[in-house]
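Below are the chains, spelled out letter by letter.
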Amino acid sequence: MSPSDSLSTSLEKNKARLHQLLPLQKSFDFVTRDLSLGDIPCFFVGLNGLCDQELILKIFSEFSLPEDSTPGTTSLDTIPKEIIEQFLYTQVTAVPSFQRLVNALLVGSAILLVGNYGQGLILDTRDYPDRDPDESDTEKVIRGAKDGFVESIVTNCCLIRRRLRSSRLTFAAQSVGNLSHTDVAVAYMEGLCDPKLLSQVQEKLRTLSASALTMGVQSLKELLVKKSMFHPMPDFYLTQRPDVACSYLTEGYILLLVDNSPFALVLPCTVFQFTQSPEDYYRSPAVGTYLRLVRFLCLLVSLFFMPLFLLFSLNPGWLPEILHPMITSDVSPLALFIYVLFVELGLDLFKYASAHTASDYSGALSIVGGLLIGDMAINLQWASVEVIFYGAVTLLATLSLPSVELSDAVRLYRFFLILLTGLFSAWGFGIGLALILLSLITTPVFGKKSYFWPLFPFHWEALRTLLFRYPTFKAQPEKKQQQK
C-alpha cells in the first residue's frame, strides 16, 4: 500500500483526500454528513439508492450528540470497539486504505471517518434495487419451482442457500474489472468439486485484464474462453433456475454468479448439458425419458432435415420411387436453392420479430406470418409447399431445444450446410458435415476439459443418466466430476 493510499490521523486531510478521489460536490447521489461521537467529529459518506435508508437513519441517530456529554470524555482508542458494539444491526470493518474505502462505497456500503483515528470504517448498508425472483421465460416448467435468479448477486446466493442448507456450500467473492469492480461469486460444494478446476477458476478471475464487465455474464464468458467464429457452439452452460443450479452444485460442478446478471455459469461445460431440461425431472421417469429421447431426435431434425431435403431434391435418383412425393423435383436446382434460402431467412425473421414484439402482438404476428405470408409466397412462386412444410418442421424442432445458445448454434450450422449443399450438391454436403464435426470437436472450453464427456472419455455410469431419466434413488454419484 502506497503512502498516498493510507489514511492520515487528521480528519480534515482524510476528507480532502476523499474529495479528490470522489465527485462528492458534483454528483448528486453522494450523501455526506458531518457527525459527532461525543466530542469527536466524524464524516459520513454514502450513495443514495444503494444504501438502506432506514439503516442510515439509525446510524445518524446513534451519532446524535447527547445533551449530557462533556467535552474530552470520549476516548479515541475505544471508538472502533464502541461503534461495532453500537451497530449490531450492520457489519463494521476498519481498513487503512482509501482504495478499499472507495471500492466499498461504490458497491453500496457507507464509509465513516472518525476523528484522528488512522483507519476508515466500512458500514455494510447495501440495499440494491431489485425485482421479484420470477420464473425464467426460457426455462419454464409446468410443475416445479417458479422462482428464478435476478440481477442481485446477494439475492441469487440466498436462493441457492435456501435450497442447499449445507456447511459445505461456499461462495467465494472476487472483484473483476478495473472500472466496474463487478462482484463475481464462485459457488461450490467443499469436498465435491474438482480442486484443480476451482484453483484455475479463482486464479483466472484474479488475473483477468478487463476494464468492465459491460454485458455481465456474456463479457465474463468471452474473457474466460477466447474462441473464433468457427466455433458457434456454447462454451458455458447458463441457467436462471436456482433448482438447476443446486443440482449441478451437488454433482460437483462450480458456478459463477455475476452481479447485475440473472444467470449462473456452470463449469465445466459439456455438450450434453444443453440437451437436458428441468421439465424431465418434474415428470415421471418414463415420461422424462421419452421427452429426452424426443429432444435428441429434434436436435437431429433441426440440423439435417432441411439440408437432406435439398440434397435429395437435387439428386432424386438416390431415393426409392415411393419416396419421391416427399421431395420437390419439378423446379430447377437454382430455384429450389433460392426457395430454401428464402424460407430459412423468412422463418428466422418471424422468429426474431415475434420475440422482440410486445406480448400482446407477438401471437397475432406469428399467425399472420405463418398463414398469410406463407400462402402469398406460394402463389407468387417464391417458395413451394414442400419447402415451407420442411422449414416449419425444422423451426418447430429448433424451438423444442431447451437451450437458446444450442438452438442458435444449430441454426448457423444448418444454414452453412444448406449453402454448401446448394452450391456443390453431395460434395458440399460432405464437406460441410466434416467442417461441422471439426468445429464441434475443437470447441474450446474452460479448464481444457472434454466437451463430449462422458462420451469421450467414455464413462457409462454418467452417460446413461444423461440419456435416460432415472428415479431419484438412482441419481448420478456425488463425485461425478472427480471421476473425469
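Nothing here was measured: the structure is a model prediction, and the numbers come from that model. Each chain carries its own residue numbering, running from 1 in the written order of its sequence. Residue-level local features of this predicted model are given only where pLDDT is at least 70; pairs of side-chain atoms are given and counted only at 80 or more, and the full residue set underlies all totals for whole chains, interfaces and linings. Calculated side-chain values reflect all of the structure's heavy atoms, with hydrogen atoms and water omitted.

Student: Before we move on, can you summarise the overall build of the protein with the specific residues and values?
Tutor: Secondary structure follows DSSP: runs of H or I at least 4 residues long count as helices, runs of E at least 2 residues long count as strands, and numbering of each begins at the N terminus. Check the secondary structure of the protein and you find 14 helices and 10 strands. Only protein chains enter the accessibility calculation, which uses a 1.4 Å probe; a residue is then buried when its area is under 20% of its type maximum, exposed when over 50%, and partly exposed in between. Sorting the 484 residues of the protein into buried and exposed places 45% on the buried side. Two residues form a contact once any of their heavy atoms are found within 4.5 Å. Taking all contacts inside the protein whose residues are at least 6 apart in sequence as the whole, residues at least 24 apart take part in 67%. As displayed, the protein has an accessible area near 24,800 Å², and 61% of this comes from carbon and sulfur atoms. Shrake-Rupley sampling with a 1.4 Å probe provides the accessible areas, and residues are treated as covered by the protein chains on show and by no other component.

Student: Can you lay out unusual backbone geometry for me, pointing to particular residues and giving the numbers?
Tutor: Residue tryptophan 453 is joined to proline 454 through a cis peptide bond whose omega torsion reads 10°. Here the bond from phenylalanine 456 into proline 457 is cis, since omega is -5°, no more than 30 degrees from zero. As for its position among the elements, proline 457 is in the loop between α13 (404–441) and α14 (460–467). In the Ramachandran plot, asparagine 260 falls in the positive-phi region, its phi being about 75° despite a non-glycine side chain.

Student: Can you tell me about the packing of aromatic side chains, naming the residues and giving the values?
Tutor: The relation between two aromatic rings is expressed through the spacing of the ring centres and the mutual angle of the planes. The rule is short: rings of Phe, Tyr and Trp, with Trp giving its six-membered ring, pair when the centres are within 6.5 Å, and they are stacked under 30 degrees, edge-to-face over 60, tilted in between. All chains considered together, the criterion is met by 7 aromatic pairs. On the basis of an interplanar angle of 35° and a centroid distance of 4.5 Å, the ring pair of phenylalanine 309 and tyrosine 390 is categorised as tilted. Taken together, the residues span a long stretch of sequence, with phenylalanine 309 in helix α9 (residues 285–314) and tyrosine 390 in helix α12 (residues 385–399) at a distance of 81 residues. Between tyrosine 451 and phenylalanine 452, the aromatic rings sit 5.8 Å apart at their centres with planes inclined by 80°, giving edge-to-face as the arrangement. Assessed through its relative accessible area of 23%, phenylalanine 452 is described here as partly exposed. A network of ring pairs unites the aromatic residues Tyr237, Tyr248, Tyr253 and Phe274 as a single cluster.

Student: Would you mind going over the side chain of aspartate 194 in detail, with residue names and values included?
Tutor: Here aspartate 194 is to be found in the loop between β7 (182–189) and α6 (195–207). At a separation of 3.1 Å, a polar atom in the side chain of aspartate 194 contacts the main-chain amide nitrogen of lysine 196. Setting aside residues no more than four positions away along its own chain, aspartate 194 makes contact with Gly252, Ile254 and Lys449. Counted as a polar contact is a pair of N or O atoms within 3.5 Å, where, for protein atoms, one must be capable of donating a hydrogen and the other of accepting one, and residues adjacent in sequence contribute only when both atoms are in side chains.

Student: Can you tell me about the environment of serine 425, naming the residues and giving the values?
Tutor: Assignment of secondary structure puts serine 425 in helix α13. By relative accessible area, which is 23% here, serine 425 ends up partly exposed. Residues serine 425 and leucine 310, 115 residues apart in the sequence, show an inter-C-alpha distance of 8.6 Å. Residues in contact with serine 425, not counting those within four places in the same chain, are Leu311, Asn315 and Leu420. A polar contact is formed between the side chain of serine 425 and the side chain of asparagine 315, at a distance of 3.0 Å.

Student: Can you lay out α13 for me, pointing to particular residues and giving the numbers?
Tutor: Given the number of residues in a helix, its expected span is that number minus one, multiplied by 1.5 Å. Taking 1.5 Å of rise per residue, 38 residues should cover 56 Å, yet α13 covers just 20 Å from first to last C-alpha, more than 12% shy of that figure. The sharpest bend along α13 reaches about 150° and sits at phenylalanine 424. Two axes enter the bend calculation: one fitted to the seven residues ending at the residue in question, the other to the seven starting there, and the bend is the angle between them.

Student: An account of the nonpolar core is needed here, citing residue identities and associated values.
Tutor: What we call a nonpolar core is a set of buried Ala, Val, Leu, Ile, Met, Phe, Trp, Tyr and Cys residues that are connected through their side-chain atoms within 4.5 Å. By size, the foremost hydrophobic cluster in this structure holds 45 residues, and its most contacted members are Ile160, Met233, Tyr248, Leu249, Leu255, Leu257 and Tyr451. For this core, the secondary structure elements donating two or more residues are α5 (153–163), β7, α8 (242–250), β9 (254–258), β10 (264–267), α9, α13 and α14. Counting residues in each nonpolar core, the second largest holds 24 residues, with Ala172, Val186, Leu197 and Val258 among its members.

Student: How would you summarise the sheet that holds strand β2 (residues 40–47) if you had to cite specific residues and measurements?
Tutor: Reading across from one edge, β1-β2-β4-β5-β3 is the order of the 5 strands in this open sheet, with antiparallel pairing throughout. Where the open sheet ends on each side, the last strands, each with one partner, are β1 (30–37) and β3 (92–95). Here the strands of the sheet are splayed against their neighbours by 25° on average, with no regard to which way each runs. For strand β4 (residues 110–114) and strand β5 (residues 120–123), the ladder comprises 4 bridges, and the chain directions are antiparallel. Here, a strand pair is defined by DSSP locating no fewer than two bridges between the strands. Axes, fitted as lines to C-alpha atoms, cover a helix only where it is in contact. Angles between the N-to-C directions of the axes lie from 0 to 180 degrees.

Student: Talk me through the environment of leucine 334; I want residue IDs and the actual numbers.
Tutor: With respect to the secondary-structure elements, leucine 334 resides in helix α10 (residues 333–355). Overall, leucine 334 belongs to the exposed group, its relative accessible area being 59%. Between the C-alpha atoms of leucine 334 and leucine 423, which are 89 residues apart in sequence, the distance is 9.0 Å.

Student: Can you tell me about the pattern of salt bridges, naming the residues and giving the values?
Tutor: By definition here, a salt bridge exists when the distance from a side-chain nitrogen of Lys or Arg to a carboxyl oxygen of Asp or Glu is within 4 Å. Per the counting criterion, the structure on display carries 12 salt bridges. Here aspartate 194 ties to lysine 449 by a salt bridge, and the two come within 3.1 Å at their closest N and O atoms. Residue aspartate 194 is located in the loop between β7 and α6, and its partner lysine 449 is located in the loop between α13 and α14; the two are separated by 255 residues in the primary sequence. What makes lysine 449 partly exposed here is its relative accessible area of 23%. The salt bridge involving arginine 411 is made with aspartate 408; its shortest N-O contact spans 3.2 Å. You can see arginine 411 and its partner aspartate 408 sitting in helix α13, 3 residues apart, about one turn around the helix.

Student: Kindly report on the pairing of β9, identifying the contributing residues and their values.
Tutor: Burial runs high along β9: 5 of the 5 residues are buried. Burial along β9 is two-sided: the face carrying Ile254, Leu256 and Val258 and the face carrying Leu255 and Leu257 are both buried. Pairing of β7 with β9, which is carried by 4 bridges, proceeds in the antiparallel orientation. Its bridge partner lying in β9, valine 186 is registered against leucine 256. Where β9 meets β10, 4 bridges bridge the pair, whose relative direction is antiparallel. Opposite isoleucine 254, over in β10, you have leucine 267 as the bridge partner. Linking β9 to β10, which pair antiparallel, is a turn of 5 residues; within it asparagine 260 sits at a positive phi near 75°.

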